[in-house]
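Spelled out, the chains give:
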Amino acid sequence: MGVFVMPSLGADMEAGKLVEWLVKPGDTVHRGDVVAVVETQKGAIEIEIFQDGVVHDLLADLGRELPVGAPLATVLADGEAPPETADTPEPEAPAPATEPEPEPAHAEAAAAAPASPPPSAATDGALRVSPAARQLAAEKGVELSELKGSGPGGAILLSDVENAAPGAPANTGAPAKKASPMEEMRKAIAAAMTRSKRTIPHFYLTETIDVDHAIDFLETRNADVPPGERVLLGAILVRAATVAAAKVKELNGHYLDDKGFAPADMVNPGVAIALRGGGLVAPALMDAGAMSLAETMAGMRDLVTRARAGRLRGSEMTQGTITVSSLGETGAEAMAGVIFPPQVALVGIGAPKLRPWVVDGAVVPRRVLSVTVSADHRVSDGRQVARFIAEFARCVQTPEEL
Amino acid sequence: MTSNDIRAIYLEELLRVAPDLDAETIGDDDHIQDDLELDSMDVLNLVAALHERLGIDIPEKDYPEIATLSRAVSYLSKAA
């Protein structure tokens, strides 16, 4: 019998709050299935299970803050008979650093489990809730499972919670003010970025790239297709970074304190997405190396949509191998970014600017953008980063081959 | 379709694309990128949603026409 535990969804995560079960005892699960939603400093994250089997027992109560490693559920392998005593996982659970939490959670769950599975598990699966709505619901004591969402796929939006909340709208009588989600996210960013700058010897290489052709290519391409098939410059940039990362392996992987650099065999570019009101997430576009340009675009649209709705997955939060951070189409000219540990490189891309440019000996107006690669000097040197940038520029300038 | 219908559909799709926006606080002249902080991917998602709902294919050069609620209602009413 396997024990499914609270996963670590980032190097600085110590605990998470279980907010939703998407499975119930008796359900068959497969490796990679999303089984629960955990609220972290980075918002609500869908967590996946990494074994096949049948859910035997849910051990953790909803709404509890649980340390990484705390047992959440027991899972029987295919064909495995349930143990005679209903609740044996305790001895074989990997001991979390702080023991007290799982104990009461487990006891309560065992007592409550036979009679009443958690309410949201009894409903038809996923409760889709935007991060802001989830936070307000917690503040106002609104039971999410009782609301009818008006968003996509029945997602519960901020306005749904506001309408359901007793009394006047927001910020009256929130007693003993808890840190807002934004404050929590800033804490998470602070921890990761401080760790990065303290431990990673960053160095930076910059190049300015003529993107006139890429922009023209997209204008022509997009003019003939419906909105759902249009491709943005951002997708060309992520695709180009993916191709370059596959070629220059010293920039694609994780640096682990005990083992040193472990190059990744897939390219999972983290796509930095700015959140409203501040804050940032960089979920990974899994196995982008195998994607076409159109698939890269579709994958990015999906990531942005889910980041906004609070539906990113645990694997996307932890398995990025390099980060691409683009300032968008109307932003500053250049950015030297901070590497997201345990990754070893970040590709910072400025907004395209119209500049005088020399082409065939003549000065002409061209749209250009700067790319600045921040790299970990423990792993790579200028030579490799220059190779990465050359490959990136070549890809951006020949978008028809992507 | 009245301009009120179009207004309601635009707001509904805007909130789908950006579920963390508060419908109460969206002003007629709020710019979806400068004020409401949509990025270019969100804008494309909005354009695609409007295409699906209204059957209006907004070309890229017309994106500025849907950048605020009031401009969008006027533009989409003409195109509908």
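Residues numbered from 1 in each chain as written. Chains lettered and ligands numbered in written order. Predicted model: local features only at pLDDT ≥ 70, side-chain atom pairs only at ≥ 80, totals over all residues.

## Section: the overall build of chain A
- Scanning chain A for helices and strands turns up 11 helices and 19 strands.
- Pairs at least 24 apart in sequence give 66% of the contacts found in chain A among residues at least 6 apart. (Helix = DSSP H or I, 4+ residues; strand = E, 2+ residues; numbered from the N terminus. Contact = placed C-beta atoms within 7 Å.)

## Brief notes about the overall build of chain B
- Looking only at helices and strands, chain B has three helices and zero strands in total.
- If you list the helices and strands of chain B from N to C, you get α-α-α.
- In terms of overall dimensions, chain B is globule-like: its C-alpha atoms have a radius of gyration of 11 Å, near the 12 Å expected for 80 residues.
- Projected onto the principal axes, the alpha-carbon positions of chain B cover approximately 30 × 25 × 20 Å.
- Residues classed as buried in chain B amount to 40% of the 80 residues present.
- Long-range pairs, those at least 24 residues apart, make up 59% of the contacts in chain B with a sequence separation of at least 6. (Rg over C-alpha atoms; globule rule 2.2 N^0.38 Å. Buried ≥ 20, exposed ≤ 12 C-beta atoms within 10 Å, placed from the backbone.)

## Here we look at the interface of chain A and chain B
- Of the residues lining the interface, 28 residues belong to chain A; the matching set on chain B comes to 21 residues.
- If you list the elements that add at least two residues to the side of chain A that touches chain B, you get α4 (131-140), α5 (158-164), α7 (212-223) and α9 (293-309) of chain A.
- The dominant element in the side of chain A that touches chain B, judged by the number of residues it contributes, is α9 of chain A, at six residues.
- Its residues assigned to classes, the side of chain A that touches chain B shows 14 nonpolar, eight polar and six charged. (Nonpolar A, V, L, I, M, F, W, Y, C, P; charged D, E, K, R; others polar.)

## Here's the deal with the pairing of strand β8 (residues 71-76) of chain A
Residue and element names in this part refer to chain A.
- Of all six residues in β8, five are buried, a share of seventy percent or more.
- Note: strand β1 (residues 2-5) against β8, four bridges, orientation antiparallel. Counted as the bridge partner of V5 is P71 from β8.
- In the sheet, strand β6 (residues 53-58) pairs with β8 via four bridges, with the strands oriented antiparallel. Considered in β8, the bridge of D57 is made with T74. (Pairing = 2+ DSSP bridges.)

## Details of unusual backbone geometry
Residue and element names in this part refer to chain A.
- Note the cis peptide between P341 and P342, where omega equals 10°.
- For P342, the location among the structural elements is in the loop between β16 (322-326) and β17 (345-349).
- We note that D287 has phi near 50°; this positive angle belongs to a residue other than glycine.
- Mapped onto the fold, D287 is located in the loop between β14 (280-281) and α9.
- One non-glycine residue, D360, adopts positive backbone phi at about 50°.
- Structurally, D360 is set in the loop between β18 (353-359) and β19 (362-376).

## Things to note about the nonpolar core
Residues and elements named next belong to chain A.
- Judged by nonpolar contacts, the single largest core of 128 residues is most densely connected at L72 and A241.
- With nine residues, the single largest contributor to this core is helix α8 (residues 233-247).
- Two domains each put at least three residues into this core: domain 1 (2-126) and domain 2 (186-401).
- Those residues in contact with A241 that lie beyond four places of it in its chain are P269, I322, V324, V347 and F392. (Core = buried A, V, L, I, M, F, W, Y, C linked by C-beta atoms within 7 Å. Domains from an automatic or database assignment.)

## Overview of the confidence of the model for chain A
- On average, residues of chain A score 84 in pLDDT, and 84% of them are at 70 or above.
- Low pLDDT, under 50, characterises residues 168-175 of chain A; the predicted model gives this stretch five contacts beyond four residues in sequence or across chains. (pLDDT = per-residue confidence, 0-100.)

## Some words on the sheet that holds strand β3 (residues 28-29) of chain A
Residues and elements named next belong to chain A.
- Strand order in the open sheet made by the four strands is β1-β8-β6-β3, with antiparallel pairing throughout. With partners counted over all chains shown, the strands left at the sheet margins are β1 and β3, one partner each.
- Examined bridge by bridge, β3 and β6 share two bridges and lie antiparallel to one another. When the sheet's bridge partners are listed, V29 is paired in β6 with G53.

## Observations regarding the sheet that holds strand β5 (residues 43-48) of chain A
- Pairing is mixed in the open sheet, where five strands are placed in the order β7-β2-β4-β5-β15 (chain A). The sheet is open, and its two edges are formed by β7 (65-67) and β15 (312-313) of chain A, each paired on a single side.

## Considerations on the domain arrangement of chain A
Residues and elements named next belong to chain A.
- When its domains are assigned, chain A resolves into domain 1 (2-126) and domain 2 (186-401).
- Between domain 1 and domain 2, the residue contacts involve 14 residues of the former and 16 residues of the latter.
- It is β5 that provides the largest number of residues to the side of domain 1 that touches domain 2, a total of six residues.
- Residues belonging to the side of domain 1 that touches domain 2 are distributed by class as follows: seven nonpolar, three polar and four charged.

## A few points about α9 of chain A
Residues and elements named next belong to chain A.
- The terminal C-alpha atoms of α9 lie 24 Å apart, and with 17 residues this matches the ideal 24 Å at 1.5 Å per residue to within 8%.
- Among all positions of α9, only L293, T296, M297, M300, L303, V304, A307, R308 and A309 are buried.
- In the stretch just after α9, G310 is the one whose phi turns positive, near 75°. (Expected span 1.5 Å × (residues − 1).)

## Overview of the environment of M6 of chain A
Residues and elements named next belong to chain A.
- Within the fold, M6 resides in the loop between β1 and β2 (15-21).
- Note on M6: 26 C-beta atoms within 10 Å, which makes it buried.
- Expressed as a C-alpha distance, the spacing of M6 and V55, which sit 49 residues apart in the sequence, is 15 Å.
- Not counting residues within four places of it along the chain, the set of residues in contact with M6 comprises G16, L66, P67, V68, G69, A70 and L72.

## A short note on helix α6 (residues 181-199) of chain A
Residues and elements named next belong to chain A.
- Compared with the 27 Å implied by 1.5 Å per residue over 19 residues, the 27 Å span of α6 between its first and last C-alpha is a close match.
- Among the residues of α6, those classed as buried are P181, M185, A188, A192 and S196. Buried residues of α6, seen end-on, are gathered within an arc of 65° and therefore sit on one face of the element. Along α6, exposed side chains directed more than 90 degrees from the buried face belong to A190, T194 and R198. (Arc of directions from axis to C-beta.)

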